Amino acid sequence: MHFHKNFCWTPLSVFVFLLFSFASPCQAQKLKPVDFGIKSKKALGLYLEGKMLGQRREHRRAIEAFESALELEPNFSHAHHQLGVSAYFMGLYTLANHHLEQAYQLDPEENGGYYLAETYFRLMEYEQAISQYEKFLIVGTANRKIQKTAQVNLRKAKFAVQHLQDSIQFVPQNLGPAVNSAGDDYLPYMPADESLLLFTSRRAGSTGGYNSGLRDYGEDFFVSEWKKDAWLPAKNLGAPVNTERNEGAASLSQDGRLLLFTICNHPEGLGRCDIFFSTKKGDKWTEARNIGEAINSPAWESQPFLSHDGQTLYFVSDRKGGKGGRDIWFSELSGGHWSTAKNLTGPVNTSGNEGAPYLHADGISFYFASDAHPGFGAMDLFVCYQSDSGWTEPKNLGYPLNTVNEEANIFINTKGNKGFINSTRPGGLGKSDIYSFDLDERIRPQIATFLRGITRDSLTQEPLRSKVTLVDLESGDTLRTQFSDALNGEFLMSLPLDRSYAALVETPGYLFASKHFFLKGLEEDTYFDLIIDLLPIKEGAQVVLNNVFFDTGKWDLKSESYTELDVLWKYLTQNPQLKIELQGHTDDVGADADNLTLSQRRADAVKTYLIEKGIPKERLLAKGYGESQPIVDNNSDESRAINRRTEFKILEGVGDED
């Protein structure tokens, strides 16, 4: 490959040639063509010019000089080698490898080693790379950085040889012109219901406009909505989030109402780049605010990710105290405040660089990028899993998702079956495009789904700001806590499948409401849309306790009932003037008298539980109604399950003084 067929003498080449021609006898002795195994003084002059250009990082011009030298001396091994090095630094790995191989064949003792190994590695010729890395490391070098890179890439090449054939399914699909542009589009992110795609972009129409110094547009956030099985044209997120500065590396909370992102060199920043946040109220975003010194430092912080329960913030920093260059750190939310950030323990962080942390909605599958764990190239994507004993050893996501190039981030949808990446692969619409792909079964997280709804006043239908709590009924653990939007009452949260949940909804001045979700053995596409009407506190109002359970024909409370009964206990404690009736109801299976007795004993069991928790018995009336008050006709198993229920009813105390 030639950049110019005919080499022209430049002032620099003339200077080098004259320097060689008129050097002192001692200097000339060092610069004789014969010492390089050639005859042409002109070729040597061109070679020396190329070396000077390479040292000044003018590699394109250096290649031109070396090519001209090789036209005069085709077997000039030093010129082949230096041309290969310059081509390597330009990312022209095929050209670099060709000339480095030529140099090695002409003089194997002088021209083997690091750069030849690197080009084999970049071209995914891993066997040859291993051989050259090993030869280079035997000889050694004073450059510790190169030595370390060779050691890391040797391990990667050996890993690649073992795992290249065990490829995964990976067929990326470009998201098309509605999302991608002629510029860079990258770092995709979605809320739990996949209703929109948020991403960073450098394109015409950015708030900061074109930056002549960077020769590119500024970074802004863009959003595309999913409607009728297609992505709508992406729109700039706009002020106040997007500004004339660069905004990038964002993540959304699961309900899409908290945006965490990075701003560099901000007047309110604590370091080079800081993490900021903005909240959405209705359809409006608030001004960006620095998340604070518990997380940000005088160093570089970026790539935030908020866990699906909203309690842990993962991010990347190069601050002191880490294991390597850039590590993954985390901070936990407690009492409305973020704890001082800690380095992520376990096998994730290395002496290299880690980035793009992402914990899936299943709560255990942790995806991230690393340039030091065994992989196929510069930076690969990995997954590890959270267990009782900590994080498992990271697993490479596999070829061809990972390649010899840099794979730096991944987003996986809530259902866990589809991934999103950005890539500069050929055939795109711009510099970097966003792609989706079906996730190979071997690297999928556990299946999750989402719960979406609106909380409102049952009488006026006005939206309410309510606390929505999701509890695992088997473990009793609170998995999600979220407040619905005060302006529209909307909430959205993810939840793993194959569990049973109680959803508890509370608003001051209203009776609490509950829902039960049995999510075992359901299909991947299962999700829930709810309208939750809350009753104002008034005499005669009554609520079904949807998460109070008994075995068939029995009245002993099952342990899964304690979660909702504890909410009722808290509610009665906070409203000590209230007196309630606890009601037991059955379906129509069995004798009327037996059903009446069963329902009474079940109501008594709930009363006993509350008394043992400290509620005075005078405030509680237990009554069984048997099958006399069905909600729906008893014409199916599903209907009968609805009629088998426990309720409470406000008898008196509304408006009384505490």
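Residues numbered from 1 in each chain as written. Predicted model: local features only at pLDDT ≥ 70, side-chain atom pairs only at ≥ 80, totals over all residues. Heavy atoms only, no water.

Draft legend 1. Region of interest: the pairing of strand S20 (residues 365-370). Of all 6 residues that make up S20, 6 are buried, and the element is covered over most of its length. Covered by surrounding structure in S20 are Ser 365, Tyr 367 and Ala 369 together with Phe 366, Phe 368 and Ser 370, the residues of both alternating faces. Where strand S19 (residues 354-359) hands over to S20, the hairpin turn is made up of 5 residues, of which Gly 363 adopts a positive phi near 85°. Bridging between S20 and strand S21 (residues 380-387) involves 6 bridges; their strand directions are antiparallel. Residue Ser 370 lies in a different strand from S21, and its bridge partner there is Asp 380. (Buried < 20%, exposed > 50% of the residue type's maximum accessible area, 1.4 Å probe, protein only. Helix = DSSP H or I, 4+ residues; strand = E, 2+ residues; numbered from the N terminus. Pairing = 2+ DSSP bridges.)

Draft legend 2. Molecular detail of the sheet that holds strand S37 (residues 645-652). Across the sheet, 4 strands lie side by side as S34-S37-S35-S36; this open sheet has mixed pairing. Sheet topology places strand S34 (542-545) and strand S36 (620-624) at the edges, where each strand pairs with a single neighbour. The average angle at which neighbouring strand axes cross in this sheet is 25°, direction not considered. Of the pairings in the sheet, the one linking S34 to S37 comprises 4 bridges and is antiparallel in character. Bridge pairing in S37 places Val 544 opposite Glu 647. Of the strands in this sheet, S34, strand S35 (579-585), S36 and S37 touch helix H11 (residues 562-574), which is tilted by about 150° from S34. (Axes fitted to C-alpha atoms, helices over the stretch in contact; angles between N-to-C directions. Contact = heavy atoms within 4.5 Å.)

Draft legend 3. Representation of helix H3 (residues 41-55) within the structure. Here H3 spans 21 Å end to end across 15 residues, near enough to the 21 Å set by a 1.5 Å rise per residue. Every buried residue of H3 is accounted for by Ala 43, Leu 44, Gly 45, Leu 46, Tyr 47, Leu 48, Glu 49, Gly 50, Leu 53 and Gly 54. Sitting at the head of H3, Ser 40 places a side-chain oxygen 3.3 Å from the backbone nitrogen of Lys 42. Phi for Arg 57, located one or two positions after H3, is positive at around 65°. (Expected span 1.5 Å × (residues − 1). Polar contact = N/O pair within 3.5 Å; in protein donor to acceptor, adjacent residues only side chain to side chain.)

Draft legend 4. Broad picture of the state of the cysteines. Applying the stated criterion across every chain yields a total of 1 disulfide. The partner cysteine of Cys 264 in its disulfide is Cys 273, sulfur to sulfur 1.8 Å. In this structure, the disulfide formed by Cys 264 and Cys 273 twists by about 100° around the S-S bond and is classed as right-handed. Relative accessible area serves as the criterion here: at 31%, Cys 264 is assigned to the partly exposed category. (Disulfide = S-S within 2.5 Å.)

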